[in-house]
Amino acid sequence: AIIVYRLPWTWKCSKLLMKFIHAGLNTIAMILGIVSMVAVFEYHNARNIPNMYSLHSWIGLTAVVFYSLQLFLGFAVFLLPFAPVPLRAALMPIHVYSGLTIFATVIATALMGITEKLIFSLKNPAYSASPPEATFVNCLGLLLVIFGALILWMASRSHWKRPPEENAKVLRPIGGTPEGAEAESTMTDGSNADKPDLRINSEAARKQNLKLDEAGQRSTM
């Protein structure tokens, strides 16, 4: 969802289509996050395990709450065509920064979660003995770090941003005109409106000159 705007081969697609893809992928992620939260609480309650006591659970719940707010504000401000353009422009840097921060927080939460699970689950041999399960999950954690770093690197490449002229078309209000076009149109219309007057004045001046010439010829004769 983060990099749909950063892929050069998507620049030819409609910005509105990219918005729907971005919002759809985030919605799917939010649904999966809620399902996982419900599953964790039900599992803890069934096994009489305390809830919300570890740093993993605190940061995880914080990420889910802020992700919900991010998704709601994203729909309200950027997807629906009701928010004014200045508001969108002001909130866009905050939206981007908070999205990247939440993504990095989710990666950190996942790393803490798999480490916590290994410590509690591996008893004989223990986690410190580096059994095959520990090696496998540690490799999974490294892949998560590489994945997160790759996404953040792609999102931070300024030359991979969608071209500004494409953004301007979407940020323009529905039925609106580009900045300066209305003034230019008004000036053009005014210029076009003045052209008939100029033609009329020229025709009248030409007829007046003809009359003066005729009067001069008569006086000479």
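All figures in this text were calculated on a predicted structure; none of them were measured in a lab. (Residues numbered from 1 in each chain as written. Predicted model: local features only at pLDDT ≥ 70, side-chain atom pairs only at ≥ 80, totals over all residues. Heavy atoms only, no water.)

Within the chain, the regular secondary structure consists of six helices and zero strands. Walking the chain from its N terminus toward its C terminus, one meets helices and strands in the order α-α-α-α-α-α. Residue burial in the chain is summarised as follows: out of 221 residues, 22% are buried. Carbon and sulfur atoms make up 70% of the accessible area of the chain, which amounts to about 15600 Å² in all. (Helix = DSSP H or I, 4+ residues; strand = E, 2+ residues; numbered from the N terminus. Buried < 20%, exposed > 50% of the residue type's maximum accessible area, 1.4 Å probe, protein only. Areas by Shrake-Rupley, 256 points an atom, 1.4 Å probe, with all protein chains shown as cover.)

Turning next to a nonpolar patch on the surface. Taken together, the side chains of Leu17, Ile21, Leu25, Ile28 and Leu32 make up a nonpolar region of the molecular surface, amounting to roughly 440 Å² of accessible area. Within the secondary structure, Ile21 is located in helix α1 (residues 15–46). (Patch = residues over 30% accessible without salt bridge, like charges linked within 9 Å, V, L, I, M, F, W, Y side chains within 5 Å. Salt bridge = Lys/Arg side-chain N within 4 Å of Asp/Glu carboxyl O.)

Here the focus is the side chain of His95. With respect to the helices and strands, the residue His95 is situated in helix α3 (residues 85–121). A relative accessible area of 18% means that His95 is categorised as buried. With sequence-adjacent residues up to four places away left out, His95 is seen in contact with His22, Gln70, Gly74 and Phe78. (Contact = heavy atoms within 4.5 Å.)

For the rest of this paragraph, the subject is helix α4 (residues 132–155). Under the 1.5 Å per step criterion, the end-to-end length of α4 is 35 Å for 24 residues, consistent within 8% with the ideal 34 Å. What α4 keeps buried is the set Ala134, Val137, Gly141, Gly148, Ile151, Met154 and Ala155. Buried residues belonging to α4 abut α3. (Expected span 1.5 Å × (residues − 1).)

For the rest of this paragraph, the subject is α3. Every α-helical turn comprises 3.6 residues, leaving residues that sit three or four positions apart pointing alike. Its 37 residues give α3 an end-to-end C-alpha distance of 52 Å, which sits within 8% of 54 Å, the value for a rise of 1.5 Å per residue. Leu91 marks where α3 bends most, by close to 35 degrees; the proline Pro93 follows one to four residues later. (Bend = angle between axes of the 7 residues up to and from the residue.)

Looking at soluble globular proteins, one finds that nonpolar side chains tend to be buried together. In terms of nonpolar packing, the biggest core is built from six residues, these being Ile3, Leu7, Phe103, Ile107, Ile151 and Met154. Contributions of two or more residues to this core are made by α3 and α4. Non-local contacts of Phe103, meaning those with residues more than four positions away in its chain, are made with Ile2, Phe147, Gly148, Ile151 and Leu152. (Core = buried A, V, L, I, M, F, W, Y, C linked by side-chain atoms within 4.5 Å.)

A few words now on the confidence of the model for the chain. Scored by pLDDT, the chain comes out at a mean of 80, with 74% of its residues at no less than 70. By mean pLDDT, helix α6 (residues 181–220) is the weakest element of the chain at 44, and α4 is the strongest at 96. Within the model, pLDDT remains below 50 along residues 166–198, and this stretch shows 13 contacts once partners closer than five positions in the same chain are excluded. Counting interchain partners and residues more than four positions distant, the pLDDT-below-50 stretch residues 210–221 has zero contacts. (pLDDT = per-residue confidence, 0-100.)

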